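Residue-level listing of the chains:
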Amino acid sequence: MTKEPMGRIPLTDFSHLQSAHCESGVASNLLTHKGLAFSEAMAFGIGGGLFFGYLPFIRINGLPLVTYRTAAGHILKRIGKIPGITMFQKRFRDREQAMAELDAALEQAIPVGLQTGVYWLPYFPKALRFHFNAHNLVVYGKDGGDYLISDPVFPGPVRCPADDLVRARFASGALAPKGKMYYLTQVPKQLDRKPLIIEGIGSVCKSMLSSPFPLIGIKGIRFMAGRLEKWPERLGRERADLHLGHVVRMQEEIGTGGGGFRFMYAAFLQESAEELQDSSLLDYAAVLTSAGDSWRRFAVMAARICKNRAQPGDSYAALAERIRECGSLEEDFFQQLEQWLKQQP
Amino acid sequence: MDQPNQISESSITDGVKIISYVENNKGNQELVQSSVWFPVDVVNHQAWQEINKQIEASKEKVSTGRASCLHYYMTANQMDTGLLASYTRQPRWLVCLHLIPFCFSRLGSGTLRKYVEIFNVSEDDLSHGKLKPPVYDQRAHGENSVD
């Protein structure tokens, strides 16, 4: 470790709160730090985070992209556009400049959000170090050569050496962060959440129900079910299992809150019900929770197949049926939600 | 929905508790700190098995002289030629060329240094074809004495 005297950077008093999903967690932590209490689920909902897309022409490690949430950066973008909130955002070409600007912001006691590649972060558990470049975290201080980081999916603050952080900020590949850093510059003291909630719900309903693309939304769920059914004969058993495992990973691995973000969105609806004094949202949340449970039942069966512990009745056809079940539950849910939206003033 | 009769794999998060949404008995979603749900372990394990299989195949290729040690480092770090090319800022065909032992052994130290930097190994390791562990394993094994 270098012992040279570094510019002493004041320790920002940043309250770290663990969350299930990195992007909404960062949004919630940054807003809360600025004095506007914001839960993770609320950030996820207002940011319009829920989604479904099956995009086989984008490959991750040779496997088709399945996503249960909107594209990386979407939530923060929407939050930054809330009237009254202003967000500073910058990408870099030059590594040194990127780190210098980070240090400059830290010196002013501003906690800074960064987009990073998971693969290069040494504090990450080994088993999760894949080339995934859309991980968000907050840097709130510097101690010698180490940066103090509040990574929302970890229980407590962590440390990361500067060298590794540079690499993580300039990871290459899909969704390359290009040193992206952001922080909130202005946050109102009070926020009328009602229009934001309605807008957030509206954007999710639109993408899930009426996207013209057959690979997106409810149509996408059904499309994936059709494809999944044919995987064993098209790809052979081994490749099919890999594809299946990949779907489950995208749905359940760290950062989803379980059930492919469905539970998190249900939590958002419940919170909104309280905020708007509207109990019908609670019923919708219950429908979405059952859809999330259905996704989880799919994951359990898929895991049995991946592990070669298939029970009688487990098959790719049965899995496809499960997914269709999820699809119709969600279709039901979003139609109800759309009806609710129409009743809103 | 956890089934107690499931055989649990070793936790993928090294014991770090994660947080997820769980419905409480009033039907409300609550944030609960817990270990990883078992299907996640299963599929994560499966993904790593596949990666390890590829690494073994690559080691075999390198040891029989059908590929340069760069092939091992690339595979061990979960990269393909495209990703490695963009990390080292070279055209992809050049990286493909470097996978051939004949071409790789004739590389100058300027090019080698690009690979040294990205894989966190020494120039010696590369030119002598030593197979060091991938980046994520180096710290755990105390191998990070290179710099």
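Please read these numbers as outputs of a predicted model, since none were measured by experiment. (Residues numbered from 1 in each chain as written. Chains lettered and ligands numbered in written order. Predicted model: local features only at pLDDT ≥ 70, side-chain atom pairs only at ≥ 80, totals over all residues.)

Chemist: I'd like a rundown of the overall build of chain B, residues and numbers included.
Modeler: Broken down by element type, chain B carries eight helices and two strands. Looking at the 147 residues of chain B, the share that counts as buried comes to 32%. Residue pairs at least 24 apart in sequence account for 43% of intrachain contacts in chain B once pairs closer than 6 positions are excluded. (Helix = DSSP H or I, 4+ residues; strand = E, 2+ residues; numbered from the N terminus. Buried ≥ 20, exposed ≤ 12 C-beta atoms within 10 Å, placed from the backbone. Contact = placed C-beta atoms within 7 Å.)

Chemist: Can you explain the overall build of chain A? Please cite residues and give values.
Modeler: When helices and strands are tallied, chain A shows 11 helices and eight strands. In terms of overall size, chain A behaves like a compact globule, its C-alpha atoms giving a radius of gyration of 21 Å where 345 residues would be expected to give roughly 20 Å. A buried classification covers 51% of the 345 residues belonging to chain A. In chain A, once contacts between residues fewer than 6 apart in sequence are set aside, the share between residues at least 24 apart is 69%. (Rg over C-alpha atoms; globule rule 2.2 N^0.38 Å.)

Chemist: With reference to specific residues and values, describe the sheet that holds strand E3 (residues 86-90) of chain A.
Modeler: All names here are of chain A. Taken together, the six strands give an open sheet; going across it, the order is E3-E8-E4-E5-E6-E7, and neighbouring strands pair in antiparallel fashion. Edge positions in the open sheet fall to E3 and strand E7 (158-161), since each of these has one partner strand only. Sheet twist, expressed as the mean angle between neighbouring strand axes with direction ignored, is 35°. Alignment of strand E4 (residues 112-116) against strand E8 (residues 181-186), held across two bridges, turns out to be antiparallel. Each residue of the ladder has a partner; that of glycine 113, found in E8, is tyrosine 182. Its contacts with the sheet put helix H1 (residues 22-33) on E4, strand E5 (135-143), strand E6 (146-150) and E8, and the angle it makes with E5 is roughly 45°. On the sheet, helix H4 (residues 95-107) packs against E4, E5 and E8 and is oriented at approximately 65° with respect to E5. (Pairing = 2+ DSSP bridges. Axes fitted to C-alpha atoms, helices over the stretch in contact; angles between N-to-C directions.)

Chemist: I'd love a proper account of the confidence of the model for chain B, names of residues and values included.
Modeler: All names here are of chain B. On average, residues of chain B score 83 in pLDDT, and 87% of them reach the 70 mark or higher. In the model of chain B, strand E2 (residues 29-34) stands out as the element of lowest mean pLDDT, 83, in contrast to helix H4 (residues 92-98), which has the highest, 95. Counted against residues more than four places away or in other chains, residues 1-9, with its pLDDT under 50, gives eight contacts. Contacts of residues 141-147 to residues separated by more than four positions or lying in other chains number nine contacts, the stretch itself having pLDDT below 50. For this predicted complex, the interface score ipTM comes out at 0.85, while the overall pTM is 0.89. (pLDDT = per-residue confidence, 0-100.)

Chemist: Tell me about the environment of A:Gln270, residues and numbers included.
Modeler: Of note, A:Gln270 is situated in helix H9 (residues 262-276). With 22 C-beta atoms packed within 10 Å, A:Gln270 lands in the buried category.

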